[in-house]
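# Topology and contacts: notes
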Amino acid sequence: MTEEPVLELRSVRVVYGGVLAVDDISLAVEPGHAVCLLGPNGAGKTTILRAVSGLLGFHGGRVVAGNVRYRGRDVTGAAADRLVRLGICQVLERRHVFADLTVADNLRAGAFARRDRRAVAGSQDMVLDLFPVLRERLRQQAGLLSGGEQQMVAIGRALMGGPELLLLDEPSLGLAPLVVADIAEALREVRTRTGLSVLLVEQSSAMAGAVTERSYLLESGRIRAGGQTADLLADDQVRSVYLGASA
Amino acid sequence: MSTFVPLLFAGVALGAIYALIALGFTVVYRASRVINFAQGGLLALGAFVTSWMVLDEHLPFWAAFVCGTLLTGLLGLAFQLWVVRFAIGRPEFTIVMLTLGLASVIGGVLPTLFGNNPRSNGDVWGASSVHVGSYQFFWVQIWTIIAAIVVLLVYGAFTRFTKYGLAMRGTALDPEAATAVGIPLRRVYATTWFIAAVVACIGGVFLGGYPSTVNPTMGNIALLAFPAIILGGLDSPTGAIVGGFSIGVVQEMVQGYQPQHAAWLGNDFYLIAPYLVMILVLLVRPYGLFGSRPAERL
Ligand SMILES: Nc1ncnc2c1ncn2[C@@H]1O[C@H](COP(=O)(O)OP(=O)(O)O)[C@@H](O)[C@H]1O
Ligand SMILES: [Mg+2]
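Residues numbered from 1 in each chain as written. Chains lettered and ligands numbered in written order. Predicted model: local features only at pLDDT ≥ 70, side-chain atom pairs only at ≥ 80, totals over all residues. Heavy atoms only, no water.

Attention shifts here to the overall build of chain A. Across its full length, chain A holds ten helices and ten strands. Taken over C-alpha atoms, the radius of gyration comes to 17 Å for chain A, in line with the 18 Å a tight globule of 247 residues would show. Principal-axis analysis of the C-alpha atoms places the extent of chain A at approximately 45 × 40 × 35 Å. When each of the 247 residues of chain A is scored for burial, the buried share is 53%. (Helix = DSSP H or I, 4+ residues; strand = E, 2+ residues; numbered from the N terminus. Rg over C-alpha atoms; globule rule 2.2 N^0.38 Å. Buried < 20%, exposed > 50% of the residue type's maximum accessible area, 1.4 Å probe, protein only.)

This part is about the overall build of chain B. What chain B contains, in helices and strands, is eleven helices and two strands. Helices and strands in chain B line up, N terminus first, as α-α-α-α-β-β-α-α-α-α-α-α-α. Here chain B has a C-alpha radius of gyration of 19 Å; the compact-globule value for 298 residues is 19 Å, and the two agree. Counting only C-alpha atoms, chain B reaches 60 × 50 × 35 Å along its principal axes. Within chain B, buried positions represent 53% of all 298 residues. Long-range contacts, defined as pairs at least 24 residues apart, comprise 73% of the intrachain contacts of chain B with a sequence gap of at least 6. Roughly 13,500 Å² of accessible area belongs to chain B as shown, and the carbon and sulfur atoms make up 69% of that amount. (Contact = heavy atoms within 4.5 Å. Areas by Shrake-Rupley, 256 points an atom, 1.4 Å probe, with all protein chains shown as cover.)

Turning our eyes to something else, we now look at the confidence of the model for chain B. On average, residues of chain B carry a pLDDT of 92, and 98% of them reach 70 or more. Complex prediction metrics read pTM 0.93 and ipTM 0.96. (pLDDT = per-residue confidence, 0-100.)

Residues and elements named next belong to chain A. All residues adjacent to ligand 1 are Tyr16, Ala21, Pro40, Asn41, Gly42, Ala43, Gly44, Lys45, Thr46, Thr47, Arg50 and His59. A distance of 2.7 Å is found between an oxygen atom of ligand 1 and a backbone nitrogen or oxygen belonging to Gly42. In this structure, a nitrogen atom belonging to ligand 1 sits 3.4 Å away from a main-chain N or O atom of His59. In isolation ligand 1 has 560 Å² of accessible area, and contact with the protein removes 63% of it. (Near = heavy atom within 4 Å. Polar contact = N/O pair within 3.5 Å; in protein donor to acceptor, adjacent residues only side chain to side chain.)

All names here are of chain B. Relative to the helices and strands, Arg119 is located in the loop between helix H4 (92-114) and strand S1 (129-132). With relative accessibility at 13%, the residue Arg119 sits in the buried group. Ignoring sequence-local partners within four residues, the contact set of Arg119 consists of Phe48, Ser51, Trp52, Leu55, Asp56, Phe114, Thr213 and Val214.

As a further point, take the sheet that holds strand S2 (residues 19-29) of chain A. Residue and element names in this part refer to chain A. Read across the sheet, four strands follow the order S2-S1-S4-S5 without closing on themselves; strand pairing throughout is antiparallel. Since the sheet does not close on itself, it has two edges, and those belong to S2 and strand S5 (73-74), each with one partner. As defined by bridge partners, strand S1 (residues 7-16) adjoins strand S4 (residues 61-70) across eight bridges and the pair is classed as antiparallel. Each residue of the ladder has a partner; that of Arg10, found in S4, is Asn67. (Pairing = 2+ DSSP bridges.)

Quick look at the interface of chain B and chain A now. Contacts between chain B and chain A engage 23 residues on the former and 24 residues on the latter. Taken together, the connections running from chain B to chain A amount to one salt bridge. The salt bridge involving Asp105(A) is made with Arg169(B); its shortest N-O contact spans 3.2 Å. Our count for the chain B to chain A interface comes out at five residue pairs in polar contact (both at pLDDT 80 or more). Counting residues per element, the ones that place at least two in the side of chain B that touches chain A are helix H5 (139-161), helix H6 (163-173) and helix H7 (175-180) of chain B. Top element by residues in the side of chain B that touches chain A is H6(B). It accounts for seven residues. (Salt bridge = Lys/Arg side-chain N within 4 Å of Asp/Glu carboxyl O.)

Another aspect to go through is the coordination of the magnesium ion (ligand 2). All names here are of chain A. Summarising the metal site, the magnesium ion (ligand 2) is bound by the protein donors Thr46 (OG1) and Glu93 (OE), whose distances to it range over 2.0 to 2.3 Å. With Thr46 in helix H1 (residues 45-53) and Glu93 in the loop between strand S6 (88-91) and helix H3 (103-110), the pair connects residues that are 47 residues apart, well separated along the chain. A relative accessible area of 22% means that Glu93 is categorised as partly exposed. (Donors = N, O, S within 2.8 Å, 3.2 Å for Na, K, Ca; no water.)

It is worth spelling out helix H9 (residues 221-232) of chain B at this point. Residue and element names in this part refer to chain B. Spanning twelve residues, H9 covers 17 Å between terminal C-alpha atoms, matching the ideal 16 Å at 1.5 Å per step. Burial analysis of H9 places ten of its twelve residues in the buried class, the great majority of the element. For H9, the full list of buried residues reads Ile221, Ala222, Leu224, Ala225, Phe226, Pro227, Ala228, Ile229, Leu231 and Gly232. Check the buried side of H9 and you find it contacts helix H1 (4-32), helix H2 (39-55), helix H8 (185-207), helix H10 (237-261) and helix H11 (269-284). Gly233 lies just past H9 and shows a positive phi near 110°. (Expected span 1.5 Å × (residues − 1).)

With that out of the way, let us pick up the packing of H2(B) against helix H3 (residues 61-82) of chain B. Residue and element names in this part refer to chain B. Interhelical geometry of H2 versus H3 gives an angle of 145° and a closest axis separation of 8 Å. Considering how the two elements wind past one another, H2 and H3 form a crossing that is right-handed. Contacts between H2 and H3 involve Leu42, Leu45, Gly46, Val49, Thr50, Met53 and Val54 on the former and, on the latter, Phe61, Ala64, Phe65, Cys67, Gly68, Leu71, Thr72 and Leu75. For the contact of H2 with H3, a count of residues per class yields eleven nonpolar, four polar and no charged. (Axes fitted to C-alpha atoms, helices over the stretch in contact; angles between N-to-C directions. Left-handed = near helix turned anticlockwise from the far one by under 90°. Nonpolar A, V, L, I, M, F, W, Y, C, P; charged D, E, K, R; others polar.)

Next up, the structure:
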């Protein structure tokens, strides 16, 4: 018996106000696995994550064909707050920390949808364990932290939601290689500790290679290829078309 | 200076009401960027409903006060859920017109339901006062100040320590991130309208106390609260409070001193003074005392 995927997209098409953004997207994430979507700017990576997390509506977009299945149920078009409660948490592109709130309040906000205080406290312990610098910054305004620390806050906030599926949108964007390596290490650690599944969006090979096993290549709103992340990243043509100059 | 203390006291009492109106306004504005011109209408409505429950239905004042506050709060909530909600994302002008519409509906309905005559707010203090030395303070004004301070403290604790308070702050800062962590924006918006209407009602009941009355035009006071709102910074509750109290004091001081010392400015100069203060502050600080600059960080 093959295991049912945590996440499955079947021929998904998304439009923003009548303009097609992605089409015929089919992909799957198996339980406990980490999958990467690689592609250049404007390929539709963020759009696919929004289709999974329920944030399309916020941007005036809509899934108009196909469906999104999460743990065997159809969640196409479900509201973001419901999806968070079901265990889908997204780390937004460009971090989007609550700049004027303290790090502690950012983390608290991440647990908004959860009731179980013990579990929330457990998540917070794990986050501070993964990102020890945040422990010293708990009382500081998140907007005043460095880019890398803000990314840790953004990831920590998503983990506070107790995800079974973690969506990450270009977490390496604008960060120094050493910081990227730290964050990749933390993400590997989370996977072994919690067994959560990951759908990562990237344009840089470092994070993709360190965190995921399998990748899809996306271009102009369509999936062009898929395979083992290591194989795809080793391919010169893939590097030039899908990873641009940043690879 | 025998007039200074009474003027200061009256200014603080008036400022307490401005602070409540301004707070209700900023709570809504911060979360959803909706400029709520119905605040004055809700204030008058709350005052009338409370007065009606005491004078016509013979409820004890405090019970009527609580019921009136809740009823007004629910009306604010209903207006958000049934009207404003569908206009979110439309041009700001549309929403402003909707809130003006609510204000004029309330303005039209109040005289029909309760008559045009000014009435008592039904409070338990009336014109009773306390003498301290040579000064006389009306109990209703003392309670206005106490009530405003309590409301402001409760609001502060709510935003700081509760889940929905945190959700309100998060939504104000970054609605997309708020949505991403599972905060239902609609419920946050609804909560802000409830709070705005509740504080409007509290302000209205106290505004209708001695020597003033509950009357259909009392909602116009919201226009005088505007300088307080803008002075403090549109999106800052702290600013609303500081702005409210300052404008109240400025207005009473001008009303008290200007007729003897600068009579040539005319009889109604005290109504203009708040706007002058507002303009002066805006020249120095374009976003008000506590307003936030538009986010330009990447
Ligand atoms: N809010 C939006 N409104 C309209 N079009 C959008 C919106 N967001 C993205 N798009 C369009 O959808 C396509 C995919 O964008 P996006 O998903 O952001 O790509 P990526 O994340 O791969 O850079 C682009 O053509 C982009 O212009
Ligand atoms: Mg993107």
